[in-house]
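Chain by chain, the residues run as shown.
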Amino acid sequence: MKLKIVLCLILLLMFPLVMFAGDIQFKKLEAAYQRGEVTLDELMLNKFYYIFEPQKLSKKYFSEKLTPLKCGTMTIKNYFALKNRLKAETIRIIESYLQKTEARESTYISPMKYFKISYTTTGSNAVPSDDNDGDGIPDFVEWIADYLDTSWDVLINQCGFAAPVDNNGDGYYNISFENMNSYGYTTPQGVDGNEGTRIVFHNNFLSFPPNQDPEGNQKGSAKVTCAHEFKHASQYIHSQWSESGWIELDAAWVEELVFDYVNDTMLNFTGYEDPFSHPHWAIDHGGTGSYEDYFWQDFLHQKFDNNSYHSAPIILAFWQRRESNPNESVLTTYDNVLQQMGSSLEDAFVEYVVWNYYTGSRAILDAQGNSLFGYDEAGINGFPESNLQATHNTYPVNSSGSGVEHLAAHHIRLNPGGEEALKVMFNGQNNVSLSAVLSWTDGNRVIWEEIPLDEANDGFMSEWTKRFGALLFVVTQQTGINFSYSYQIDAPPWVSLAFTNKIDQQNAGGTLLLLEDPQNPIPSGSNKNVYEGVGYTVNTQNERFLNWTANDDYKHHDWNEVSQEYLLQHYFKALAGNNQDANFLQMHPVTIKNVLIYADDATDGQIDFHDPWYVDQNGNQPDDFITWSSPHYPKGKFGETTGGVFLEQGWPDWQPPYYSVKAEAQQTFTAHGQSITGYFLGWEGTDVTFQHADQQETPLVFHAENAEARVVL
């Protein structure tokens, strides 16, 4: 046994394992190579036979029906990387496929003058000769030219990716066609200038796998191949394909950017190793990302680029970094770019897993079938749906999982099971970077939250049940395999909390209401049983108390003496001892008005005042500026005849919430019997401090009753 191990190590050092990406058709062959059943020469020859001469294939490793290879670019890239390890005869055969010199009858320059397309209408590589517009150019060639021009315009002109411009050859990017068992390929061999690569397309795209192009499968296959292969040409300029199989992930994503409606990769190249069929496999399972992982970049683009079809800042930043850091690990590049966007690889990957759960039959759609959460196409026909590790319909549950790789996940469906709320106790493997997400949806929106975990990756969370939900175990570290976890789920226990309206720490009376139990108001000072750990929204039903002491009026100011919790409604987690106090402070009358210099009798004019606590006619708190006639006497609520403001609010450190005022640059007034225009000069006042007295908009603090704030015009 020891001798065998040493021998294996020697072989690995002499012939390191090559990471081949993504092509499902080659999985059996690659597995045989890794087991030592086929040589490296046999491996590479069979890959090229698959593309160019399928009749020579070793049938043992391929099915009878040979579907077209999505892209031959990685096969060619790997050939050049391994060329010095191949036999001379192997090289001769492969080179014969890549250096074909068959004469081309004709050339066509694309309408935007970017591409020179060489083609023939006779022989084995002939393109379809149909010419319905009678201009002497086959319609198929004109289609390809248009699709390529569109790809250049979107990727280069609009998004800013590197352009494969030919400055010292024929001045065009060169395109040709070949009768082969592949959609196409991009190669750096046989290039006439400094554009880096050339592209070879299938010569007709007939009888290719189905797609969703309304113009038909043939055009759909041609469209996505133009976008896909042209992205390879751009990638080569950026980094000469230092990313290995990740270039296929990127090129597959570009199909969605340029020809979103075709969905060829989604329909024909998922179902194996993708994040839906194998969510427990790493995004770089096998050593690299590939076609089936394009959803990762689609998520990044939709999340951080607002799903634009005209720009892709986060993906562009990725390729610009690759240009200057071609030897950096791809995952590190993603992490660096995400940090520039205010996120990180770990944080983004967690949300990516949540998006991947809500697809297919679990997609959240409106009445017209439009996606309300996650991917824009999450609910379309054919969009993949993630496999579930488990589904729970009744509780309690005590379960576990294992076998999850790095940057991978387990999806566990939760159905309510008749419970109003559920508590999840989670125990994750120690010393691992991971996350546990609890999510629920009512069919219209999705809520999700990471369970707070301690240093041992243990934690709990309680939440209201809805239509259905999920527990998602997510490994966020970049290396390792076979991570595990366990969990228990049951209805949460009750906890008794007190709810009180308070003035000067005394029970002010009145009532409070939980939005989750609207039929049962809570008398102030009373206790109520609530589910431990569950989120509730409480509302004091008393916006103010009039004449509390003598003629003093008190208005709701905050919850639990936390100044930022100043609205009447307040969300909280029901934990033992977390009693809820609505605190009230005295209101004081003040005045805000316009002052027009040399026109004391001026009338009209307006004042904009932002009172964070103001309640409008609908009972809402807009927490924004409202326009009032000058002079304005704040009351704090629509329809009230008395009221005022809180003193010293935001003083002295100008921490919100605080009041703010705003004036127009100029206003028209009536004074001395005529119309007069007043121009903003600044703010002044009595018992008032302005943060920016020389600016039209400024926070202010009222220091005393009957304080006056004046805008001077």
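Figured I'd write up the structure that's included with this text. These figures come from a predicted structure and were not determined experimentally. (Residues numbered from 1 in each chain as written. Predicted model: local features only at pLDDT ≥ 70, side-chain atom pairs only at ≥ 80, totals over all residues. Heavy atoms only, no water.)

### Observations regarding the sheet that holds strand S20 (residues 535-540)
Part 1 of the reasoning: Ordered in space as S18-S17-S20-S23, the 4 strands form an open sheet in which the pairing is antiparallel. Whereas interior strands pair on both sides, the edge strands pair on one side only; in this sheet they are strand S18 (522-523) and strand S23 (569-573).
Part 2 of the reasoning: Pairing geometry for strand S17 (residues 511-514) and S18, over 2 bridges, is antiparallel. If you follow Thr 511 over to S18, its bridge partner there is Pro 523. (Pairing = 2+ DSSP bridges. Helix = DSSP H or I, 4+ residues; strand = E, 2+ residues; numbered from the N terminus.)

### Considerations on the pairing of strand S1 (residues 106-109)
Part 1 of the reasoning: Sheet analysis places S1 next to strand S2 (residues 115-119), joined by 4 bridges and oriented antiparallel. Within S2, the position partnered with Ile 109 by the bridge is Lys 116.
Part 2 of the reasoning: Counting the residues that bridge the hairpin from S1 to S2 gives 5 residues, and of these Lys 113 lies at a positive phi of roughly 65°.

### A word on the environment of Glu 450
Part 1 of the reasoning: Inspection of the secondary structure puts Glu 450 in strand S11 (residues 446-450).
Part 2 of the reasoning: Measuring from C-alpha to C-alpha, the distance between Glu 450 and Ala 574 comes to 17 Å, with 124 residues separating the pair along the chain.
Part 3 of the reasoning: With near-sequence residues (within four places) excluded, Glu 450 lies in contact with Val 350, Ser 435, Ala 436, Val 437 and Met 461.
Part 4 of the reasoning: At 2.7 Å, the side chain of Glu 450 forms a polar contact with the side chain of Ser 435. (Contact = heavy atoms within 4.5 Å. Polar contact = N/O pair within 3.5 Å; in protein donor to acceptor, adjacent residues only side chain to side chain.)

### Things to note about the packing of aromatic side chains
Part 1 of the reasoning: With the rule as written, the count across this model stands at 68 aromatic pairs.
Part 2 of the reasoning: Here Phe 295 and Phe 383 contribute two aromatic rings whose centre-to-centre distance is 5.6 Å and whose plane-to-plane angle is 70°, an arrangement assigned as edge-to-face. Separated by 88 residues along the polypeptide, Phe 295 in helix H10 (residues 294-304) and Phe 383 in the loop between helix H13 (345-357) and strand S6 (390-392) bring together distant segments of the chain. Neither Phe 295 nor Phe 383 differs from the other in exposure class; each is buried.
Part 3 of the reasoning: If you follow Arg 362 out to its NZ or CZ, it ends over the ring of Tyr 357, 4.4 Å from the centre. (Phe/Tyr/Trp six-rings, centres within 6.5 Å; stacked < 30°, edge-to-face > 60°. Buried < 20%, exposed > 50% of the residue type's maximum accessible area, 1.4 Å probe, protein only. Lys NZ or Arg CZ within 6 Å of the ring centre and 35° of its normal.)

### Thoughts on a negative patch on the surface
Part 1 of the reasoning: Together, Glu 346, Asp 347, Glu 449 and Glu 450 make up a region of like negative charge exposed at the surface.
Part 2 of the reasoning: Those elements that provide at least two residues to the negative patch are H13 and S11.
Part 3 of the reasoning: Mapping Glu 449 onto the fold places it in strand S11. (Patch = residues over 30% accessible without salt bridge, like charges linked within 9 Å, V, L, I, M, F, W, Y side chains within 5 Å. Areas by Shrake-Rupley, 256 points an atom, 1.4 Å probe, with all protein chains shown as cover. Salt bridge = Lys/Arg side-chain N within 4 Å of Asp/Glu carboxyl O. Lys, Arg positive; Asp, Glu negative; His and termini not counted. Charge placed at Lys NZ, Arg CZ, Asp CG, Glu CD.)

### Looking at a nonpolar patch on the surface
Part 1 of the reasoning: Together, Met 425, Phe 460 and Leu 575 make up an exposed nonpolar region whose accessible area comes to about 230 Å².
Part 2 of the reasoning: Position of Leu 575 among the secondary structure elements: in the loop between S23 and strand S24 (580-586).

### With respect to the sheet that holds strand S25 (residues 591-595)
Part 1 of the reasoning: Across the sheet, which stays open at both edges, the 3 strands sit in the order S25-S34-S31 with mixed pairing between neighbours. A single partner strand is all that each edge strand has here, and the edge strands are S25 and strand S31 (682-686). Between one strand axis and the next, the sheet turns by 25° as a mean value, whatever way the strands run.
Part 2 of the reasoning: Sheet analysis places S31 next to strand S34 (residues 708-712), joined by 5 bridges and oriented antiparallel. (Axes fitted to C-alpha atoms, helices over the stretch in contact; angles between N-to-C directions.)

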